[in-house]
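The primary structure of each chain is shown beneath.
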Amino acid sequence: MTVDIAPLTSRIDRRQLRDYRRSLPSTVRPRLAGVLTRAVVLIAFPLALLVMWLVILDGSFFADEDWGLIVILFPLAIPPVIGVVVLVDAVRRRMGVRPYRLNGFADANGFTYEPYAPAPPLPGVIFTRPGQSSAFVTDILRRRAGYALEIGNHTCTTGSGRSTSTYRWGYAAMRLPVALPRIVLDAHGNNTIGRPRLPIAFAKNQRLSLEGDFDRFFTLYCPDGYETDALYLFSPDTMAVFVDEAARLDVELVDDYLFLYYPGQLATLDPALWERLLTTVDALSERLLRWEGWRDDRLQHSADLAGELPSGPGRGRGVARQGRRLSVKEDWWWVLGAAFAVFGLVNLIHDLIVGWLP
């Protein structure tokens, strides 16, 4: 596929940019009143308080070298620094350059562009992360013709209060011609200190070792009993495509989707990244057509036993229940920690009671 990267780097028509950014929602282009309010709270108020202290003390603490007071007042300088960062980011987003360029890139390459949307109800592991309190996607590009393809950046928040955590993933979703068993390829190239980046850890007994050097680049997980199907789907030439084109991307087959994940952003203004990504997607799309002939014999066998023999061109299509999902790794560390905590509390109470008794 020839990728037109000119809209990502070419000179911007300021009049067109001004007209385009007026159409952006406030979730993408923050309102000026909100930007100024945050700036006043984070910058002006702490600075005014600091100036007030300096006027009251008349600078005498500098002469007396009262470093303790300096340490107390120093935190007042932190909010203004944060405020400047927030203000610069808000001004940059209000300019609308990023969505303007991505919209032009999408139009030039047969995509539609949407700057912001609620998280789609997709079955992938990043979209179904346990404990999500909010989630949304930004910079979504969808192919207008050919095989269905969606590329975007997913952000989700888990927990609340001080325990809040935010996770960001770039993703590419390709629609498959047939539902397949759930298979996950954990790419070693994006792991940290040997730990997978994927939000869910899968049980180790579902690992399948493939031939050649494939295991150096990916760890493959497939449902128990579907090892032969995985070997059929990931033939040597298919494995070579994944190693050559997607070695830093986690891959997931689930239902009738193929997902590519990256712990960062995939929809960016980087021309080189777009060229690599779309080349990868095109190389994988050739393999999707080969998978259309796959059938789950277990599903057919279950239908025969139940006397519900399907007929017609869709006969035997789908995946049996045991092949639709993977078993999740059980994490027992928190159980052991809770057990030790309870044991320590019981002993403490026992010692207190014994100490009070005559």
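Residues numbered from 1 in each chain as written. Predicted model: local features only at pLDDT ≥ 70, side-chain atom pairs only at ≥ 80, totals over all residues. Heavy atoms only, no water.

Novice: Provide a residue-level description of the overall build of the chain, including the pertinent values.
Specialist: A count of helices and strands for the chain gives 13 helices and seven strands. Relative to its full complement of 358 residues, the chain shows a buried share of 39%. Long-range pairs, those at least 24 residues apart, make up 71% of the contacts in the chain between residues at least 6 apart in sequence. (Helix = DSSP H or I, 4+ residues; strand = E, 2+ residues; numbered from the N terminus. Buried < 20%, exposed > 50% of the residue type's maximum accessible area, 1.4 Å probe, protein only. Contact = heavy atoms within 4.5 Å.)

Novice: Go over the pattern of salt bridges with me, naming the residues and quoting the values.
Specialist: This structure, assessed with the given rule, holds 13 salt bridges. With a closest N to O distance of 3.6 Å, D213 and R216 form a salt bridge. A residue is classified by how much of its surface remains accessible, and D213, at 47% relative accessible area, is partly exposed. D237 is the salt-bridge partner of R290, the closest N and O atoms lying 2.3 Å from each other. Pair noted here: R290 is in helix α11 (residues 271-290) and D237 is in helix α10 (residues 236-245), with a separation of 53 residues, a long-range link. Overall, the relative accessible area of 46% leaves R290 in the partly exposed class. Among the residues examined, D237 registers a relative accessible area of 32% and is labelled partly exposed. Look at the salt bridges and you will find they share partners, linking D237, E286, R287 and R290 into a network. (Salt bridge = Lys/Arg side-chain N within 4 Å of Asp/Glu carboxyl O.)

Novice: Account for the pairing of strand β2 (residues 132-143), naming residues and giving values.
Specialist: In this structure, strand β1 (residues 111-118) lies alongside β2, joined through seven bridges in antiparallel fashion. Considered in β2, the bridge of Y113 is made with L141. Across eight bridges, β2 lies against strand β3 (residues 149-158) in antiparallel orientation. For L141, the partnering residue across the bridge sits in β3 and is I151. Counted between consecutive antiparallel strands, the loop separating β2 from β3 contains five residues, among which G146 sits at a positive phi close to 80°. (Pairing = 2+ DSSP bridges.)

Novice: Help me get a handle on the packing of helix α2 (residues 14-21) against helix α7 (residues 97-108), residues and values and all.
Specialist: Between α2 and α7, the shortest axis-to-axis distance is 10 Å and the interhelical angle comes to 100°. Here α2 is positioned roughly perpendicular relative to α7, judged by the angle of their axes. Mapping the contact onto sequence places Q16, L17 and Y20 in α2 and V97, P99, Y100 and N103 in α7. Here the residues of the contact of α2 with α7 sort into five nonpolar, two polar and no charged. (Axes fitted to C-alpha atoms, helices over the stretch in contact; angles between N-to-C directions. Parallel < 35°, antiparallel > 145°, perpendicular 65-115°, else oblique. Nonpolar A, V, L, I, M, F, W, Y, C, P; charged D, E, K, R; others polar.)

Novice: Account for the packing of α10 against α11, with residues named and values stated.
Specialist: Helix packing for two helices is described by the angle between their axes and how far apart those axes are. The contact between α10 and α11 brings their axes to 10 Å, and the two run at 165°. As far as their axial angle goes, α11 and α10 are roughly antiparallel. In this structure, α10 meets α11 at a crossing whose hand is left-handed. Between α10, through D237, T238, V241, F242 and E245, and α11, the contact on the second element is made entirely by T279, T280, A283, L284, R287 and R290. (Left-handed = near helix turned anticlockwise from the far one by under 90°.)

Novice: Go over unusual backbone geometry with me, naming the residues and quoting the values.
Specialist: The backbone of D139 sits at a positive phi, close to 50°, despite the residue not being glycine. Examined against the element boundaries, D139 turns out to sit in strand β2. We classify D139 as buried; its relative accessible area is 7%. The residue D255 is not glycine, and still its phi comes out positive at about 55°. Mapped onto the elements of the fold, D255 is located in strand β7 (residues 250-262). The class for D255 is partly exposed, based on a relative accessible area of 27%.

Novice: Go over the layout of surface pockets, please, and point to the residues and values.
Specialist: Looking at the second largest pocket, its volume works out to about 580 Å³. Contributing to the lining of the second largest pocket are 26 residues, with R93, R98, T138, D139 and Q265 lying nearest its centre. Mapped onto the lining of the second largest pocket, the elements with two or more residues apiece are α6 (78-95), α7, β1, β2, β3 and β4 (165-187). (1 Å grid on protein atoms, 1.4 Å probe; cavity = no way out; pocket = protein on both sides within 12 Å on 5 of 7 lines; lining within 4 Å. Points joined across faces, edges and corners; volume = space filled by probe spheres on them.)

Novice: Account for the environment of I183, with residues named and values stated.
Specialist: Examined against the element boundaries, I183 turns out to sit in strand β4. In sequence terms I183 and V251 are 68 residues apart; their C-alpha atoms lie 8.2 Å from each other. In contact with I183, other than residues within four places in its own chain, are L220, Y221, C222, A230, L233, F234, V251, E252 and L253.

Novice: Which residues make up the side chain of R182, and what are the values?
Specialist: In this structure, R182 sits in strand β4. In terms of polar contacts, R182 uses its side chain to reach the side chain of E252, at 2.6 Å. Not counting chain neighbours up to four residues away, the residues in contact with R182 comprise V125, F202, Y221, C222, P223, E252, L253, V254, G323, R324, R325 and L326. (Polar contact = N/O pair within 3.5 Å; in protein donor to acceptor, adjacent residues only side chain to side chain.)

Novice: Break down the environment of D237 for me, with residues and values.
Specialist: Between the C-alpha atom of D237 and that of R287, which follows or precedes it by 50 residues, the distance is 9.3 Å. When sequence neighbours within four positions are dropped, the list of residues in contact with D237 reads R287 and R290.

Novice: Tell me about α2, residues and numbers included.
Specialist: Burial in α2 covers these residues: L17, Y20 and R21. Viewed end-on, α2 has its buried residues packed into an arc of 90°, placing them on one side of the element. Structurally, the start of α2 carries an N-cap: the backbone nitrogen of R15 is 2.9 Å from a side-chain oxygen of D13. (Arc of directions from axis to C-beta.)

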